[in-house]
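Results of the structural survey
The chain contents come next:
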Amino acid sequence: MSAVNRNFSPTIIREAANSFGTPLYLYDEAAIRNAFLHWHQAPSKHSVLTCYAVKANSNIAILQLLSRLGAGFDIVSQGELERVLHAGGKPERIVFSGVGKSSEAIARALEVGIKCFNVESIRELDHINTVAAEKETKAKVSLRINPDVDAKTHPYISTGLKANKFGISHEEAVTAYQYACSLPQLEVIGIDCHIGSQITELEPFLASLDKLLVLIDQLADVGIDIRHLDLGGGLGICYTNEQVPSAESYIAAVSDKLANRELEIVFEPGRSIVANAGILITEVILSKENTGKHFAIVDAAMNDLMRPALYQGHHHIDVVAGPRKLEASEHCWDIVGPVCETGDFLGLNRQLSIAERDLLVIHSAGAYGFTMSSNYNSRPRCAEVLLREDQLVEIRSREVITDLFAHEHLLAE
């Protein structure tokens, strides 16, 4: 899928902005559906479970849509678990990842009967075993093994190197599995890895898979049977001109490497399902020039979309002309927000023709957009809207000012 979603016509964009205000997240239901089905319906010689990574976009309407299509879910908190359940997700299709699962979250996941926990450390094995004993049940676990493969992605979203906080080292894996099998309240069912995000080639995934297959054979030699292989998420998308492998080619390559092994394959895609299905619409408040530098100041900010400031993420930006009071000016613009940080920008050095009151469309914003937004500078978070065929459906209302301090308390006299 290209970085620009053509289902978002200028007419639809103007209608959304007029009806729901700006800034505004707008998602395309058809694009989400099609992106998921590329994973879900890909030909494979092995059983495949596609567990959508909830952290990418956790709106319950989107989770509901994916659940109805047959998705499983990858969660990292009790909040995400409750979102999935509320949206109709099936517990037996949920995998629980993350380095710091609370006792309450583990207990709730055991209560509803999730597929498994992706365990990130030997101490976590003890933790889950203790909670499972208290609940008088067994916990199904898969150990997240760190294959020490460089995915050549941004260091903040690299997760498979020795220096990262995630997973159990490859060298300690057999010992960790033997220890897990010794704990009475655990049932070992799988192996897991996740080497990073926004990966645009298959080689790092396949190199990780090779290491895991050797490890699976070593575990078999000591009597430990692995039933599923979870390769995590990480398949990138086109933000600008990246050449990205398809979900079908990825699944086929993995299935070929597994050959005659009787393993279920689990994938945890997030970005590749929702990123290019979403845009952020923002209005130009005013323009400004400082010693030859041109700034378009918009009503969205880094609190609405953190990726440019946090990851130096590049998003394609288009202009949809508004009711202009001034003629548009073509310059090399920095697109900046009202937040009091120099890092508050959505795009730098963009050659565009812009006038005040124009709408700007920030593309590829459906993943790690709203989910990472905040109320910094006491700014209400924006609305989320879904394009369903030719209808605009509000799936999250815009926050109002009183929402910002609804859970705060004044001091008594």
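Rules of the game
Residues numbered from 1 in each chain as written. Predicted model: local features only at pLDDT ≥ 70, side-chain atom pairs only at ≥ 80, totals over all residues. Heavy atoms only, no water. Helix = DSSP H or I, 4+ residues; strand = E, 2+ residues; numbered from the N terminus. Rg over C-alpha atoms; globule rule 2.2 N^0.38 Å. Contact = heavy atoms within 4.5 Å. Areas by Shrake-Rupley, 256 points an atom, 1.4 Å probe, with all protein chains shown as cover. pLDDT = per-residue confidence, 0-100. Polar contact = N/O pair within 3.5 Å; in protein donor to acceptor, adjacent residues only side chain to side chain. Salt bridge = Lys/Arg side-chain N within 4 Å of Asp/Glu carboxyl O. Buried < 20%, exposed > 50% of the residue type's maximum accessible area, 1.4 Å probe, protein only. Arc of directions from axis to C-beta. Phe/Tyr/Trp six-rings, centres within 6.5 Å; stacked < 30°, edge-to-face > 60°. Pairing = 2+ DSSP bridges. Core = buried A, V, L, I, M, F, W, Y, C linked by side-chain atoms within 4.5 Å. Expected span 1.5 Å × (residues − 1).

Counting its secondary structure elements, the protein contains eleven helices and 18 strands. Its C-alpha atoms give the protein a radius of gyration of 23 Å, within 12% of the compact-globule value 22 Å for 413 residues. Considering only contacts within the protein whose residues lie at least 6 apart along the sequence, 71% involve residues at least 24 apart. Just so you have it, the protein exposes about 18200 Å², and 49% of that area is on carbon and sulfur atoms.

On to the confidence of the model for the protein, then. Summarising the model, the protein shows a mean pLDDT of 93, and 95% of its residues fall at 70 or more. The low-confidence segment residues 153-161 (pLDDT under 50) makes 33 contacts with residues lying over four places distant or belonging to another chain.

For the rest of this paragraph, the subject is the side chain of His315. Position of His315 among the secondary structure elements: in the loop between helix H11 (307-311) and strand E13 (317-320). At a separation of 3.4 Å, a polar atom in the side chain of His315 contacts the main-chain carbonyl oxygen of Ser364.

Turning our attention to the pattern of salt bridges. It is possible for side chains bearing opposite charge to pair when their charged atoms get close. Evaluated as defined, the whole model comprises 18 salt bridges. The salt bridge involving Glu82 is made with Arg108; its shortest N-O contact spans 2.7 Å. Residue Glu82 is found in helix H4 (residues 78-86), and its partner Arg108 is found in helix H5 (residues 103-112); the two are separated by 26 residues along the sequence. Its relative accessible area of 28% is what places Glu82 among the partly exposed residues. The salt bridge involving Arg357 is made with Glu283; its shortest N-O contact spans 3.5 Å. Residue Arg357 is found in the loop between strand E15 (345-354) and strand E16 (359-362), and its partner Glu283 is found in strand E11 (residues 278-290); the two are separated by 74 residues along the sequence. In this structure Arg357 comes out as partly exposed when scored by relative accessible area, which is 33%.

Below, the discussion takes up helix H7 (residues 173-182). For H7, every residue scored as buried is listed here: Ala173, Ala176, Tyr177 and Ala180. The buried residues of H7 all sit within an arc of 100° when viewed along its axis, so they share a single face. Of the surrounding secondary structure, the elements contacted by the buried residues of H7 are helix H6 (122-134), strand E6 (139-146), strand E7 (168-169), strand E8 (186-192) and helix H8 (203-221).

Scanning the entire structure with this criterion turns up seven aromatic pairs. Arranged with centres 5.5 Å apart and planes meeting at 55°, the rings of Trp39 and Phe267 form a pair that is tilted. Of the two residues, Trp39 is situated in helix H2 (residues 29-40) and Phe267 in strand E10 (residues 264-267); the sequence distance between them amounts to 228 residues. Residue classification places Trp39 among the buried residues on the basis of a relative accessible area of 3%. Through successive ring pairs, a cluster of aromatic residues spans Trp39, Phe205, Tyr250 and Phe267.

As a further point, take the pairing of strand E14 (residues 329-336). Pairing between strand E12 (residues 293-298) and E14: four bridges, direction parallel. Bridge pairing in E14 places Ile297 opposite Val336. As paired elements, E14 and E15 share seven bridges and run antiparallel to each other. Bridging across to E15, His331 finds its partner in Leu352.

Of all hydrophobic cores here, the largest spans 103 residues; its most connected members are Ile32, Leu66, Phe117 and Ile335. Among the elements that make up this core, the one with the highest residue count is H8 (eight residues). Non-local contacts of Ile335, meaning those with residues more than four positions away in its chain, are made with Ala296, Val298, Ile317, Phe345, Leu346, Gly347, Leu352, Ile354 and Leu360.

The linkage connecting Thr22 with the following residue, Pro23, adopts the cis geometry, with an omega of -5°. Considering the arrangement of structural elements, one finds Pro23 in the loop between helix H1 (10-20) and strand E1 (24-28). Even without a glycine there, the phi angle at Ala259 is positive, about 50°. Assignment of secondary structure puts Ala259 in the loop between helix H9 (247-258) and E10. The phi angle at Tyr368 is positive, at roughly 55°, despite the residue not being glycine. Tracing the backbone shows Tyr368 in the loop between E16 and strand E17 (383-388).

Mapped onto the elements, Ala30 comes out in helix H2. Along the sequence, Ala30 and Ala277 sit 247 residues apart, while their C-alpha atoms lie 8.2 Å from each other.

Under the 1.5 Å per step criterion, the end-to-end length of H6 is 19 Å for 13 residues, consistent within 8% with the ideal 18 Å. Taken together, the buried positions of H6 are Glu124, Leu125, Asp126, Ile128, Asn129, Val131 and Ala132. Contact partners of the buried residues in H6: H5, strand E5 (116-119), E6, H7 and E8. Immediately downstream of H6, the backbone of Glu136 shows phi near 55°, a positive value.

Bridge analysis of strand E2 (residues 48-53) against E10 gives three bridges, and the strand direction is parallel. Within E10, the residue paired with Leu49 across the bridge is Val266.

Moving on: the environment of Thr11. Tracing the sequence through the fold places Thr11 in helix H1. In the structure, Thr11 is positioned 309 residues away from Val320 in sequence and 9.2 Å away in space, judged by C-alpha atoms.

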